[in-house]
Amino acid sequence: MNILKQVELVVQALDFASLDELKMADALIIGEKEYGLRLPYYYSHDELIKAIQKIKNNGQRVYLAINNIFHEYDLNKLDQYIDEMKDYPIDGLIFGDLAVYQIAEKYNLVDRLIYNPETYMTNYMSVHFFKEKGIKRVVLAKEITLEDTKMIGQEVDMELEVLVHGAVNMFHSKRNLVTNYFRYIEKDQPDQLKDEPLYIVEEKRKNLKYPIIEDHHGTHIYREHDMCAIEYLDELVNNGITSLRIDSVFKSIEQLTAVISIYRQAINDLIEGRYEEHKSSYIEQLETIPGLRSFDTGFLFKKTVYKG
């Protein structure tokens, strides 16, 4: 029972005005344009400072996204940023670039680090390596099966996070591929098209549409369906997963709060021993949310196949 009560529901925050509507989450992820990557909303620095205090006043934990890919010319500014942010009541620093680890070590912040390298954490030995480095938490890859996830959770005694609902990023390039494409086909005013819904469509399976986002960090391509693991929360938390994350990209505040509410209900049912009897209703509730992206179980039951 005590273990279940420690399970955390983590959500990427939308704009400042919506923070009070996200109180059902235990923790919120926020970040700035220059340092955060693939967030549904980027805060200005002044907004960020206000958001940290507001989230803490709401009794929630706050995680700062510093998960961008940093180059040589970024390092001095990154150092200054981490030095400044260390004095705020931030519960975790999310990173993927190991430069962040080295700077955090300099400022005695290693125990607040959350390592999320997207696709790389696929086995318990990799997780154990970072446990020995003293970091707070590791985020497991979205592309591994439920069985592999459970095996890792059984082998390593540290905080582990998984994505349980939301958009799954498949591809990232630092290049502006959308803009370059429209220039290549001599399309007028390509910048205007970046705000339109854009998709890659497979030649053979034309019913599959992969959303494309181009922003200041380059080009991102997502899976056609959201990930949904709400029917497997018991298997996750009973095998060492301590943090369950909802990705907010492609969701309005109304859709996001509805999704959070259903996952909060499921977690509460799990704590109170009612999860199994109510399990079949969670998907039905999610399917009633207007305009919500279609969802499936992602890679929970299929191995990722690499072809040369």
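Shown above is the structure to which this text applies.
I will try to describe carefully the structure that is included in this document.

Parameters at a glance
Residues numbered from 1 in each chain as written. Predicted model: local features only at pLDDT ≥ 70, side-chain atom pairs only at ≥ 80, totals over all residues. Heavy atoms only, no water. Helix = DSSP H or I, 4+ residues; strand = E, 2+ residues; numbered from the N terminus. Rg over C-alpha atoms; globule rule 2.2 N^0.38 Å. Buried < 20%, exposed > 50% of the residue type's maximum accessible area, 1.4 Å probe, protein only. Contact = heavy atoms within 4.5 Å. Areas by Shrake-Rupley, 256 points an atom, 1.4 Å probe, with all protein chains shown as cover. Core = buried A, V, L, I, M, F, W, Y, C linked by side-chain atoms within 4.5 Å. Phe/Tyr/Trp six-rings, centres within 6.5 Å; stacked < 30°, edge-to-face > 60°. Lys NZ or Arg CZ within 6 Å of the ring centre and 35° of its normal. Axes fitted to C-alpha atoms, helices over the stretch in contact; angles between N-to-C directions. Parallel < 35°, antiparallel > 145°, perpendicular 65-115°, else oblique. Left-handed = near helix turned anticlockwise from the far one by under 90°. Nonpolar A, V, L, I, M, F, W, Y, C, P; charged D, E, K, R; others polar. Pairing = 2+ DSSP bridges. 1 Å grid on protein atoms, 1.4 Å probe; cavity = no way out; pocket = protein on both sides within 12 Å on 5 of 7 lines; lining within 4 Å. Points joined across faces, edges and corners; volume = space filled by probe spheres on them. Arc of directions from axis to C-beta.

1. A look at the overall build of the chain
Point 1. Along the chain, the regular secondary structure elements total 11 helices and 14 strands.
Point 2. Radius of gyration (C-alpha) of the chain: 19 Å, near the 19 Å computed for a compact globule of 308 residues.
Point 3. For the chain, the spread of C-alpha atoms along the principal axes amounts to about 60 × 50 × 45 Å.
Point 4. Here the chain holds 308 residues, and the buried ones make up 52% of them.
Point 5. The contacts of the chain with a sequence gap of at least 6 include a subset with a gap of at least 24, amounting to 67%.
Point 6. About 15,500 Å² of surface is accessible on the chain, with carbon and sulfur atoms providing 48% of the total.

2. Some details on the nonpolar core
Here is a general trend for soluble globular proteins: nonpolar side chains tend to be buried in one another's company.
Point 1. Counting 81 residues, the largest nonpolar core has Ile-66, Val-138, Leu-140, Ile-230, Leu-233, Leu-244 and Tyr-263 as the members making the most contacts within it.
Point 2. Element by element, the count of residues in this core is highest for helix H10 (residues 253-272), at 10 residues.
Point 3. The residues touching Ile-66, leaving out its near neighbours within four places in the chain, are Tyr-35, Leu-78, Tyr-81, Ile-82, Leu-93, Ile-94, Phe-95, Gly-96 and Val-100.

3. A short note on the packing of aromatic side chains
The geometry of two aromatic rings is summed up by the distance between their centres and the angle between their planes.
Point 1. A full pass over the atoms with the stated rule returns nine aromatic pairs.
Point 2. Members of the aromatic cluster, joined through ring pairs, are Phe-95, Tyr-115, Phe-129 and Phe-130.
Point 3. The positively charged end of Lys-209 is found above the aromatic ring belonging to Tyr-199, 4.4 Å away from the centroid.
Point 4. In this structure, Lys-302 is placed above the aromatic ring of Phe-299, and the distance from its NZ or CZ to the ring centre is 5.7 Å.

4. Details of the packing of helix H2 (residues 45-57) against helix H3 (residues 75-85)
Point 1. As a packed pair, H2 and H3 sit with axes 13 Å apart at the nearest point and diverge in direction by 30°. Here H2 lies roughly parallel to H3, going by the angle between them. For the crossing formed where H2 meets H3, the hand is right-handed. Of the residues in H3, those touching H2 at His-45, Leu-48, Ile-49 and Ile-52 are Tyr-81, Glu-84 and Met-85.
Point 2. Here the residues of the contact of H2 with H3 sort into five nonpolar, one polar and one charged.

5. Examining the sheet that holds strand E10 (residues 209-215)
Point 1. The four strands lie next to each other as E8-E11-E10-E9, forming an open sheet whose pairing is antiparallel. Bordering the open sheet on either side are strand E8 (169-173) and strand E9 (198-201), each of which pairs with just one other strand. Along the sheet, successive strands turn relative to each other by an average axial angle of 25°, direction set aside.
Point 2. Helix-sheet contacts for helix H7 (residues 177-184) involve E8, E9, E10 and strand E11 (218-222), and the interaxial angle to E10 is about 100°.

6. Considerations on the layout of surface pockets
Point 1. Taken as a whole, the largest pocket spans an internal volume of roughly 410 Å³.
Point 2. Arg-38, Ile-69, Pro-117, Glu-118 and His-172 are the residues nearest the centre of the largest pocket, which is lined by 19 residues in total.
Point 3. Considering every element that reaches the lining of the largest pocket, the biggest residue donor is E8, with four residues.
Point 4. Size it by volume and the second largest pocket reaches roughly 320 Å³.
Point 5. In the lining of the second largest pocket, the residues fall into five nonpolar, two polar and five charged.

7. A look at the packing of H3 against helix H4 (residues 98-106)
Point 1. As a packed pair, H3 and H4 sit with axes 10 Å apart at the nearest point and diverge in direction by 45°. Taken together, the axes of H3 and H4 lie oblique to each other. Here H3 and H4 pass one another in a crossing that is right-handed. Taking contact as the criterion, the partners of Leu-75, Leu-78, Asp-79 and Ile-82 in H3 are, on H4, Ala-99, Val-100, Ile-103 and Lys-106.
Point 2. Per-class residue counts for the contact of H3 with H4 are six nonpolar, no polar and two charged.

8. Here's the deal with H7
Point 1. Of all the residues in H7, the buried ones are Val-178, Thr-179 and Phe-182. Along H7, the residues classed as buried sweep out an arc of 100° about the axis, all on the same side. Residues of H7 that are exposed and angled more than 90 degrees away from the buried face: Arg-183 and Tyr-184.

9. Some points on empty space enclosed by the protein
Point 1. Within this structure, the stated rule accounts for three cavities of 30 Å³ or more.
Point 2. Roughly 230 Å³ of volume is contained in the largest cavity.
Point 3. If you trace the largest cavity, you find 19 residues lining it, with Gln-12, Asn-116, Glu-118, Arg-245 and Asp-247 closest to the centre.
Point 4. Of the residues assigned to the lining of the largest cavity, the class counts are nine nonpolar, four polar and six charged.
Point 5. In this model, the second largest cavity occupies a volume close to 110 Å³.
Point 6. Lining the second largest cavity are Leu-140, Ala-141, Lys-142, Ile-144, Thr-149, Val-162, Leu-163, Met-227, Ala-229, Leu-236 and Leu-300.
Point 7. Partitioned by chemical class, the residues of the lining of the second largest cavity number nine nonpolar, one polar and one charged.

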